[in-house]
Amino acid sequence: MTAWQWVKVIGNFVNLSTLTGLLAGLLGRATFTRGPRGLIFANGYKLGFPIAGAFTIGNVVLSKHDRAYFDNPALVRHEERHSWQYFCLIGLPMLPLYVIGVVVSFLLTGDPASRNPFERLANLKDGGYVERPVQPIGKTVTQAFSGRRSRPKEQ
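So, here is what we can say about the structure in this document. Quantities reported herein were computed from a predicted structural model and do not represent experimental measurements.

Its place among the elements puts Glu-119 in helix 5 (residues 117–121). Of the side chains with opposite charge, Arg-81 lies nearest to the buried Glu-119, which makes no salt bridge, at 8.9 Å. Within the local environment of Glu-119, its side chain forms a polar contact with the side chain of Tyr-98, the two groups lying 2.5 Å apart. When near neighbours in sequence (up to four residues on either side) are disregarded, Glu-119 contacts His-78, His-82, Tyr-98, Ala-113, Leu-124 and Tyr-129.

Attention now goes to the environment of Gly-38. With respect to the helices and strands, the residue Gly-38 is situated in the loop between strand 1 (31–34) and strand 2 (40–43). Separated by 19 residues in the primary sequence, Gly-38 and Ile-57 place their C-alpha atoms 13 Å from one another. Dropping the residues within four chain positions of it, Gly-38 is found in contact with Met-1, Val-9 and Asn-59.

Every buried residue belonging to helix 2 (residues 17–27) is among Ser-17, Thr-18, Gly-21, Ala-24 and Gly-25, and all of these are buried. One side of helix 2 holds all its buried residues, which, seen down the axis, span an arc of 115 degrees. Across from the buried face of helix 2, at angles greater than 90 degrees, the exposed residues are Leu-26 and Leu-27. Looking at the buried side of helix 2, the elements it contacts are helix 1 (3–14), strand 1, strand 2, strand 3 (55–57), strand 4 (60–63) and helix 3 (73–88). Count one or two residues on from helix 2 and you reach Arg-29, which has phi positive near 55 degrees.

With respect to topology, 4 strands assemble into an open sheet ordered 1-2-4-3, the strand pairing being mixed. This sheet does not close on itself; its edge strands, each paired only once, are strand 1 and strand 3. Averaged over all neighbouring strand pairs, the angle between strand axes comes to 25 degrees, with direction disregarded. Alignment of strand 3 against strand 4, held across 3 bridges, turns out to be antiparallel. Among the inter-strand pairings, Ile-57 is bridged to a residue of strand 4, identified as Val-60. Lying over the sheet, helix 2 contacts strand 1, strand 2, strand 3 and strand 4, oriented at roughly 25 degrees with respect to strand 4. Contacts from helix 3 reach strand 2, strand 3 and strand 4 within the one sheet, and its direction differs from that of strand 3 by about 30 degrees.

All right, on to the packing of helix 3 against helix 4 (residues 94–109) then. The contact between helix 3 and helix 4 brings their axes to 10 Å, and the two run at 120 degrees. Taken together, the axes of helix 3 and helix 4 are oblique relative to one another. Where helix 3 approaches helix 4, its residues His-82, Gln-85 and Tyr-86 are matched on the opposing element by Met-94, Leu-95 and Tyr-98. Residue composition of the contact of helix 3 with helix 4, grouped by class: 4 nonpolar, 2 polar and no charged.

Calculation criteria
Residues numbered from 1 in each chain as written. Predicted model: local features only at pLDDT ≥ 70, side-chain atom pairs only at ≥ 80, totals over all residues. Heavy atoms only, no water. Helix = DSSP H or I, 4+ residues; strand = E, 2+ residues; numbered from the N terminus. Buried < 20%, exposed > 50% of the residue type's maximum accessible area, 1.4 Å probe, protein only. Lys, Arg positive; Asp, Glu negative; His and termini not counted. Salt bridge = Lys/Arg side-chain N within 4 Å of Asp/Glu carboxyl O. Polar contact = N/O pair within 3.5 Å; in protein donor to acceptor, adjacent residues only side chain to side chain. Contact = heavy atoms within 4.5 Å. Arc of directions from axis to C-beta. Pairing = 2+ DSSP bridges. Axes fitted to C-alpha atoms, helices over the stretch in contact; angles between N-to-C directions. Parallel < 35°, antiparallel > 145°, perpendicular 65-115°, else oblique. Nonpolar A, V, L, I, M, F, W, Y, C, P; charged D, E, K, R; others polar.

Don't take any of this as a statement about function, it's just geometry.
Put into structure tokens, the structure is as follows:
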């Protein structure tokens, strides 16, 4: 690890974001392994939220997948960028700010990542995301509720 990566590891420990990530992994019954660049992989995460292939809290990258999921160097870079975001935002304030980014992105594009500044700064493509164009909010609302209308009503 580089000296800066050590700074991030210590900073995210002190700002409690890595401890929060470890707690989330324990609650999700994940298996922990050491990853590169000061990351900790928490694989086999069993809670259904959030819905993502992987998500980072501090230096902990949680995933429902097995360890081989992180054999993709671009994905590891993407998740490490998120760990730097926790460092720069002094830890846990990242969580509500990220949620705001998800809401704004969804309203603009119908996709939670496309216009989320945190995903864009972490590189959408590295995270496996596709950039969606901005669309009228009416179209977004229609898309969001179209699945509900197509479901049969319970009797």
